[in-house]
Amino acid sequence: KEFKLFLEGLLPDITLSSVISFWTKDRTNDNYIWELVQPQLQPVDSADVYMVNSLRQLLKGLIEKEASDMPATLLLTWQWLNANKGIKSEVTCPRGISCCSLSPINNGSVRALEISPGEALYIVYLASLSEKQRRGIVYEDGISVEMKIGVEDTVREQLLAEA
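The text that follows walks through the structure, step by step, so that each part is easy to find. (Residues numbered from 1 in each chain as written. Predicted model: local features only at pLDDT ≥ 70, side-chain atom pairs only at ≥ 80, totals over all residues. Heavy atoms only, no water.)

Examining the nonpolar core
To be explicit about the condition: Throughout this description, the term nonpolar core refers to a set of buried Ala, Val, Leu, Ile, Met, Phe, Trp, Tyr and Cys residues connected via side-chain atoms within 4.5 Å. Relative accessibility under 20% of the residue-type maximum defines a buried residue, over 50% an exposed one, and the middle range a partly exposed one, all with a 1.4 Å probe and only protein chains included. Working definition: helices are DSSP H or I runs of at least four residues, strands are E runs of at least two. Numbering for both runs from the N terminus. What makes two residues a contact is simply this: any of their non-hydrogen atoms within 4.5 Å.
Counting residues in each nonpolar core, the largest one holds 34 residues, and the members touching the most others are W23, L58, Y122 and L159. Sorting the residues of this core by element identifies α1 (2-10), α2 (16-23), α3 (46-65), α5 (117-128) and α7 (153-162) as the ones contributing at least two each. Top element by residues in this core is α5. It accounts for seven residues. Apart from the residues lying within four places of it in its own chain, the contact partners of L58 are V138, I149, V151, V155, R156 and L159.

This is the structure we're talking about:
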C-alpha cells in the first residue's frame, strides 16, 4: 500500500531510480526488496532452465541500458557474494549483511533462483509502469534490430507476465 501511494505521487514520471530508492530505503538497505518478492526455486526441466537463463540475459541487457541508475552492488547475487567471500574486490557485502551466511531470501534455500536485488528491482520497476510503457521497454521499441538483445519473443512475453 505504501509503495502504491509512492507511485501515485510520481505519476506519470516513474523512473528506475525512484523504484530503487524506495525498495532500498534510499539506498541504505540493498536487501529490502526481499520484503516484497521471493525468488522461485531453480527449475529442473531443460526447457525451463533455458527460459530462466534467457530471462536473466534479457534482464541484464535491459539493466545495462539504464546502467547509470543501477549501482553495481545491486547486481551481485547472494550466491556470488558467498562464493567470493574473502576475495579482495572493489565490491563488498551490503551493509549489515554477512556474506558467509545463508540467503535471507526463500528461507535460505540453496535451490532458490540466483537473482540479484537489481534484477528483482528491475522487474518491480517494469511492474510499476503502464502496460504500454512496459511492453515498449521489453520489446525495445525504437531500437534497431542489430542493437536488440538476442532473445526470442517468448522470453519477452514471459518477462511481461512476470512483471
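Considerations on α5
To keep things clear, this is the line we draw: Here, expected helix span is obtained from the residue count minus one, scaled by 1.5 Å.
Its twelve residues place the ends of α5 16 Å apart at the C-alpha level, agreeing with the 16 Å of an ideal helix rising 1.5 Å per residue. Burial in α5 covers these residues: P117, G118, E119, A120, L121, Y122, I123, V124, Y125, L126 and S128. The inward-facing, buried residues of α5 contact α1, α2, α3, α6 (131-138) and α7.

Some thoughts on the environment of L41
Relative to the assigned elements, L41 resides in the loop between α2 and α3. Residue classification places L41 among the partly exposed residues on the basis of a relative accessible area of 42%.

Let's talk about the packing of α2 against α5
To keep it simple, the criterion reads: Convention adopted: a line fitted to C-alpha atoms gives each axis, helices being fitted over their contacting stretch, and angles between N-to-C directions are expressed from 0 to 180 degrees. Our angle categories are set so that under 35 degrees counts as roughly parallel, over 145 as roughly antiparallel, 65 to 115 as roughly perpendicular, and the remainder as oblique. Throughout, a crossing is termed right-handed when the near helix is turned clockwise from the far one, and left-handed when it is turned anticlockwise from it by less than a right angle. Lys, Arg, Asp and Glu make up the charged group, whereas Ala, Val, Leu, Ile, Met, Phe, Trp, Tyr, Cys and Pro make up the nonpolar group; the residues left over, Gly among them, are polar.
With their axes 9 Å apart at the nearest point, α2 and α5 run at an angle of 120 degrees to one another. As the angle between them shows, α2 and α5 are arranged oblique. When the axes of α2 and α5 are compared, the crossing they make is right-handed. Contacts between α2 and α5 involve L16, V19, I20 and W23 from the former and L121, Y122, V124, Y125 and S128 from the latter. Here the contact of α2 with α5 is composed, by residue class, of eight nonpolar, one polar and no charged.

Some details on the environment of L59
Along the chain, L59 turns up in helix α3. Exposure remark for L59: the relative accessible area of 4% places this residue in the buried category. Residues L59 and R156, 97 residues apart in the sequence, show an inter-C-alpha distance of 9.6 Å.

Keep in mind these numbers describe shape, not what the thing actually does.
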